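A look at the structure
So you can see what is in the structure, the chains are spelled out below.
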Amino acid sequence: MITIHFTANFQPLTNMEKPPLRDYTATNAASAPPLLNTLTPSRRTSLNRAFAAVYTCAIVALFYRHTQTLFSSKTLVSFYVTLTLFVSDLILAFIWANGQAFRMRPVYRKEFPENLEKVVKTSDLPGLDVFICTADPYKEPPISVVNTALSVMAYDYPTEKISVYVSDDGGSAFTLFAFMEAARFAAQWLPFCRKNDIAKRNPDEFFATDYKMSSETEDIKIMYETMKMSVEHVIETGKISEEYNTSDDVRQAFSQWSIDGFTRQNHPTVIQVLLDKNKDKDITGNSLPNLVYVSRQKSKTSPHHFKAGALNVLVRVSAAMTNAPVILTLDCDMYSNDPTTPLRALCYILDPDMQSNLGYVQFPQEYHGLNKSDIYACEHKRLFKVHPIGYDGLSGPNYLGTGCFFRRRALYGGPSTLILPEIDGLSPDCVVNQPLTAPSVLELAHHVAGCNYENQTKWGSKIGLRYGSLVEDYYTGYRMKCEGWRSIFCYPETAAFLGDVPFNLLDVLSQNKRWAIGLLEVAFSRYSTITFGVKSMGLFMGLGYSYYAFWAILTIPITTYCLLPQLALLNELSIFPKVSDPWFLLYMFLFLGAYGQDLLEFVVHGGTIQRWWSDQRMWIMRGLSCYAFGLTEFVVKSIGIPTEGFNVTSKIINDEQSKRYEQGVFEFGVPSPLFVTLTMAAIINLLSFIVGLVHFIVDGGSNKEGLIMQLVLTGLIVMNCLPVYQAIALRSDKGKMPTKTTVTATFLASAVYVVASLFLK
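Quick caveat: nothing in here was measured; it's all calculated off a predicted structure. (Residues numbered from 1 in each chain as written. Predicted model: local features only at pLDDT ≥ 70, side-chain atom pairs only at ≥ 80, totals over all residues. Heavy atoms only, no water.)

1. Focus: the overall build of the protein chain
Applied cut-off: Strands are runs of DSSP state E lasting at least two residues, helices are runs of H or I lasting at least four, and both sets are numbered from the N terminus onward. Radius of gyration here uses only the C-alpha atoms, and the compact-globule reference equals 2.2 Å multiplied by the residue count raised to the power 0.38. Burial classes: relative accessible area under 20% of the type maximum marks a residue as buried, over 50% as exposed, and values in between as partly exposed (1.4 Å probe, protein chains only). Residue contacts follow a heavy-atom distance rule, with two residues in contact if any of their heavy atoms lie within 4.5 Å. To be clear on the numbers: accessible area is Shrake-Rupley with a 1.4 Å probe, and residue cover counts the displayed protein chains and nothing else. Residues scored as charged are limited to Lys and Arg (positive) and Asp and Glu (negative), so that His and the chain ends carry no count. Every charge is mapped onto a representative atom, which is NZ of Lys, CZ of Arg, CG of Asp or CD of Glu.
When helices and strands are counted, the protein chain shows 26 helices and 16 strands. Taking 2.2 N^0.38 as the reference for a compact globule, 761 residues should give roughly 27 Å; the C-alpha atoms of the protein chain span a radius of gyration of 28 Å, in line with that estimate. Expressed as lengths along the three principal axes of its C-alpha atoms, the size of the protein chain is roughly 90 × 65 × 55 Å. The buried share among the 761 residues of the protein chain stands at 58%. Considering only residue pairs separated by 6 or more positions, the protein chain has 82% of its internal contacts joining residues 24 or more positions apart. Roughly 31,300 Å² of accessible area belongs to the protein chain as shown, and the carbon and sulfur atoms make up 59% of that amount. Side chains of the protein chain carry 66 positive and 68 negative charges; the gap between the two charge centres is 7 Å.

Now the structure itself:
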């Protein structure tokens, strides 16, 4: 075990705050300094490297065979089939090689927040600014956003050091009203959590658990339910019901907003200080955290840069109002599940051995409400857990968009190249001595939230979150790593944050399509991971980032192996080695080796075989749908043809969809092009398997041995496509496959079969 000790050689976070350390050299001279964190390399590292060497030799042998077959081809059909397989395997080998970066030096960390108070006084802990973004009150229910905010406001952290900033890109009076109500409820909720040592400080989640009954708890529950009904009633009717105990101030403020007057495309800046630590107290007399609502100015003539733009506005507004040296970014549905989380992050942020170049501490994205088999593979175990552990042994995990504690200084250039903003008041080491509601503070905050403020500045290019990709989190973390920052992956036993999962397959595929486009924007930019990234970060980190940047090109090999062997099988054409051929063993090793290692990693990190199967199935589904459409849309966009914009993933839970999801039933209820290609491939594979099996059993012939691999591959894909067949023919609920989709897919499958038959014969 490699142990990192906290010593007295402390360097300040910024010039703004210099937490004095308690002197342990005199009182504890004979003892070791308090232990804040440890690091343990994975015991599988040597095995990973040995397997990578053996598997690389097998890949080289495969390409030797492809080359040999290519040059010995006697027909055009054989040549083009081999060439297609060669290109597909080349892409698979490229992605596999990139993925080995995660296996070169995986590490495991452990932190000891209980020792933090031995190192720094509670009163000297750094300030914490929390950023929460929402964009659409109809897809992201305000009451859910409120619950997320309340869960972090109730952290086991000095409340006077917490400031929560809510960015509402929808400019919605509903969201503002919800937070006005939440500000009142917080005065009851926060002391209740502290007094009873509540672990789940999201009210919705707490009251859904087996909580301890008491008169106090019931009173708090009634308050919360009243607030919740009030918010939901306002969203439904657009009016505040007289029966709810809503203050006159809230009613007056709400009436000044036009429900339809603030659209997402054109509205002014609105900044409301809902709670001020210097003025607002809870029922026990303690200060409440700052709570600030921000709706940035928007105009149809100015670029908004989606979530990255919203977060940069919060960086500037918070700099003007509080300028805490630590920033936490959270998705609106990703609530805090552990009140000690900030202390865990500080076990690394306050470590002098890391502080000089530590940019952020990333926690994994974890979810509640996953069904037993996780049918949509929303857990993303590799993306959010397995691969960050591998990254951590190099220079740290990527920024995952939520659950991340940044050092504010890391958003202003590299560790040794501070880039100052155009206004001194936005500098990371600026001291804010004025109250939140001071006219000069509010004036600056409104000014820097303007839609034209960023023009001719370095925001989005050198400062703050980076523009240029739909995946602003991936791109920002990548650029920060290129500048020299490192990061830490903090993976405690108790999930630090829990989020909601989509219950709709279309939402899942649409989100993945957006990711695919954004990642390609990075892959083919001037900051390409395979060139600029390798040069700036080193080989393995560059390869690790390339693994995701080129994600969408997996559609080429996935589509090839889901169609070509099947169409060849329908025409009794063998394209793989016979079972008696020595090359057959190579194919088996490549297939079983890759899947076996993947399954082992999945299970070792807490997964089940059932969920691993779901993950493999969704890998195929994504390759046949969202990756293909994402790659196509990226190419179309690159040549100047406009495409659809950013869509918010719905967080609304439909009761019928929720019930089907819990039962493990796929949701295909609405027509979508994403389902057409998937259904087309499913139909071709089913037909191919049936016809191929009949030929194999009835006549077989001399080619029987050569078709076994194609028949087995087709059978595996048919098993993966069982939910599609059920949705087409065996279901009558609203989640079944639309008839329009089935008819279109059948027509396309027939056309592909006819064309392929003419070519392959």
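2. What about the side chain of Ser487?
Rules: Two N or O atoms form a polar contact when they lie within 3.5 Å of each other; inside protein one atom must be a possible hydrogen donor and the other a possible acceptor, and for residues adjacent in sequence the pair counts only when both atoms belong to side chains.
Its location among the elements puts Ser487 in strand β15 (residues 486-489). There is a polar contact of 3.1 Å between the side chain of Ser487 and the side chain of Lys481. With residues up to four places along the chain from it excluded, the contact list for Ser487 reads Leu358, Tyr360, Asp392, Ser395, Gly396, Pro397 and Lys481.

3. Quick look at the pairing of strand β12 (residues 404-407)
Counted only if it meets this: Here, strands pair whenever DSSP counts at least two bridges between them.
Burial along β12 is two-sided: Cys404 and Phe406 facing one way and Phe405 and Arg407 facing the other are all buried. Across 4 bridges, strand β8 (residues 326-331) lies against β12 in antiparallel orientation. By the bridge assignment, Val326 is partnered in β12 with Arg407. Note: strand β10 (residues 358-362) against β12, 3 bridges, orientation antiparallel. Bridging from a neighbouring strand, Val361 pairs with Phe405 of β12.

4. Side note on the nonpolar core
The condition is simple: The criterion is simple. A nonpolar core is a set of buried Ala, Val, Leu, Ile, Met, Phe, Trp, Tyr and Cys residues joined through side-chain atoms within 4.5 Å. Domain limits in this description derive from either an automatic procedure or a database domain assignment.
If you look at the biggest cluster of nonpolar residues, it comprises 210 residues, and the most contacted ones within it are Val164, Trp189, Val317, Val361 and Phe405. Among the elements that take part in this core, helix α5 (residues 173-196) stands out by supplying 15 residues, more than any other. The two domains that each donate at least three residues to this core are domain 1 (113-501) and domain 2 (551-760).

5. What to know about the UniProt feature "transmembrane region" (unreviewed entry) in the protein chain
Keep this limit in mind: UniProt positions are given in the numbering used here, feature names are shortened, and annotations may be inferred rather than shown by experiment.
The sites that UniProt annotates as "transmembrane region" (unreviewed entry) are residues 47-64, 76-97, 545-564, 584-604, 624-641, 674-698, 707-729 and 741-760. When the span residues 674-698 is considered, its composition is 100% helix and 0% strand, and the gap between its end C-alpha atoms is 37 Å. Along residues 707-729, the helical share is 91% and the strand share 0%, with 29 Å between the first and last C-alpha atoms.

6. Here we look at the environment of Asp333
Mapped onto the elements of the fold, Asp333 is located in the loop between β8 and β9 (335-336). The exposure class of Asp333 is buried, given its relative accessible area of 8%. When the C-alpha atoms of Asp333 and Thr494 are compared, they prove to be 18 Å apart, with 161 residues separating the residues in sequence.

7. Quick look at a nonpolar patch on the surface
The condition is simple: To count toward a patch, a residue needs a relative accessible area above 30% and no salt bridge. Like charges then connect within 9 Å, nonpolar side chains (Val, Leu, Ile, Met, Phe, Trp, Tyr) within 5 Å. Any carboxyl oxygen of Asp or Glu that lies within 4 Å of a side-chain nitrogen of Lys or Arg is treated as forming a salt bridge with it.
Residues Leu76, Phe79, Tyr80, Leu83, Val87, Ile556 and Phe759 make up a contiguous nonpolar surface patch of roughly 590 Å² in combined accessible area. If you tally residues by element for the nonpolar patch, the top one is helix α3 (residues 76-99), at 5 residues. Considering the arrangement of structural elements, one finds Leu76 in helix α3. Judged by its relative accessible area of 60%, Leu76 falls in the exposed class.

8. A closer look at the domain arrangement of the protein chain
Basically, it comes down to this: What gets called buried area is simply the loss in accessible area from a 1.4 Å probe that two parts show on being joined, summed for both. Residue classes follow a fixed rule: Ala, Val, Leu, Ile, Met, Phe, Trp, Tyr, Cys and Pro count as nonpolar, while Asp, Glu, Lys and Arg count as charged, and any other residue, Gly among them, counts as polar.
One can read the domain layout of the protein chain as domain 1 (113-501) and domain 2 (551-760). If you average the C-alpha positions of domain 1 and of domain 2, the two centres end up 39 Å apart. Of the residues lining the interface, 23 residues belong to domain 1; the matching set on domain 2 comes to 27 residues. Counting each side, the surface lost to burial between domain 1 and domain 2 is near 2,600 Å², with a carbon and sulfur contribution of 58%. Counting the surface domain 1 buries against domain 2, the share from its top three residues, Ile375, Tyr376 and Arg382, is 26%. Counting across the interface, domain 1 meets domain 2 through 3 salt bridges. Between Arg611 and Glu379 there is a salt bridge; the shortest N-O distance is 3.7 Å. The interface formed by domain 1 and domain 2 holds 8 residue pairs in polar contact (both at pLDDT 80 or more) in total. For the side of domain 1 that touches domain 2, the per-class residue count stands at 11 nonpolar, 4 polar and 8 charged.

9. Comments concerning the sheet that holds β10
How we decide: To get an axis, a line is fitted to the C-alpha atoms, and for a helix only the part in contact is used. The angle between two axes follows their N-to-C directions and goes from 0 to 180 degrees.
If you trace the 8 strands from one edge of the open sheet to the other, you get β6-β7-β5-β4-β8-β12-β10-β15, paired in mixed fashion. Across the chains shown, the open sheet's two edge strands, defined by having one partner strand only, are β6 (270-275) and β15. Geometrically, the sheet is characterised by an average inter-axis angle of 20 degrees between neighbouring strands, direction not taken into account. Of the strands in this sheet, β4 (128-134), β5 (162-168), β6 and β7 (290-295) touch α5, which is tilted by about 15 degrees from β6.

10. Quick notes on the sheet that holds strand β16 (residues 497-499)
Reading across the sheet, the 3 strands line up as β9-β16-β11 and stay open at both edges, with mixed pairing between neighbours. Two strands in the sheet have a free side with no partner beyond their single neighbour: β9 and β11 (366-367). Here β11 runs beside β16; their pairing, made up of 2 bridges, is parallel. The partner of Tyr367 across the bridge, within β16, is Gly499.

11. Things to note about unusual backbone geometry
Not every positive phi belongs to a glycine, and Asp197 is a case in point at roughly 50 degrees. Residues other than glycine seldom take positive phi values, yet Glu572 does so here, at roughly 55 degrees. Relative to the helices and strands, Glu572 is located in the loop between α18 (555-570) and α19 (582-604). Using a relative accessible area of 38% as the deciding quantity, one classes Glu572 as partly exposed.

12. Things to note about the packing of helix α4 (residues 142-153) against helix α7 (residues 215-237)
Orientation of α4 relative to α7, taken along the N-to-C sense of each, is 140 degrees, at an axis distance of 9 Å. For the pair α4 and α7, contact is made by Pro142, Ile143, Val146 and Asn147 and by Tyr224, Met227, Lys228, Val231, Glu232 and Ile235, respectively. Of the residues that constitute the contact of α4 with α7, the class distribution is 7 nonpolar, 1 polar and 2 charged.

13. With respect to α18
Convention followed: Under the convention used throughout, the expected extent of a helix is 1.5 Å for every residue step, that is, one less than its residue count.
Its 16 residues give α18 an end-to-end C-alpha distance of 22 Å, which sits within 8% of 22 Å, the value for a rise of 1.5 Å per residue. In terms of burial, α18 is a largely internal element, 14 of the 16 residues being buried. Positive phi shows up at Glu572, right after α18, with a value of about 55 degrees.

14. Some thoughts on the UniProt feature "binding site: UDP-alpha-D-glucose" (unreviewed entry) in the protein chain
In the numbering used here, UniProt assigns the feature "binding site: UDP-alpha-D-glucose" (unreviewed entry) to Lys139, Glu140 and Asp169. The annotated residues occupy 31 residues of the chain but converge on a single region, no pair of C-alpha atoms lying more than 12.5 Å apart. With respect to the helices, strands and loops of the structure, Glu140 is situated in the loop between β4 and α4. With a relative accessible area of 8%, Glu140 lands in the buried category. As for its position among the elements, Asp169 is in the loop between β5 and α5. Residue classification places Asp169 among the buried positions, given a relative accessible area of 8%.

15. Describing the state of the cysteines
The condition that has to hold: In plain terms, two cysteine sulfur atoms within 2.5 Å form what is called a disulfide here.
In this structure the tally under the stated criterion is 0 disulfides. In this model Cys482 remains outside any disulfide bridge; the closest cysteine sulfur is found in Cys404, 16 Å from its own. For Cys482, a relative accessible area of 15% corresponds to the buried category. Unpaired in terms of disulfides, Cys721 finds its nearest cysteine sulfur in Cys562, a separation of 6.9 Å. For Cys721, a relative accessible area of 3% gives the class buried.

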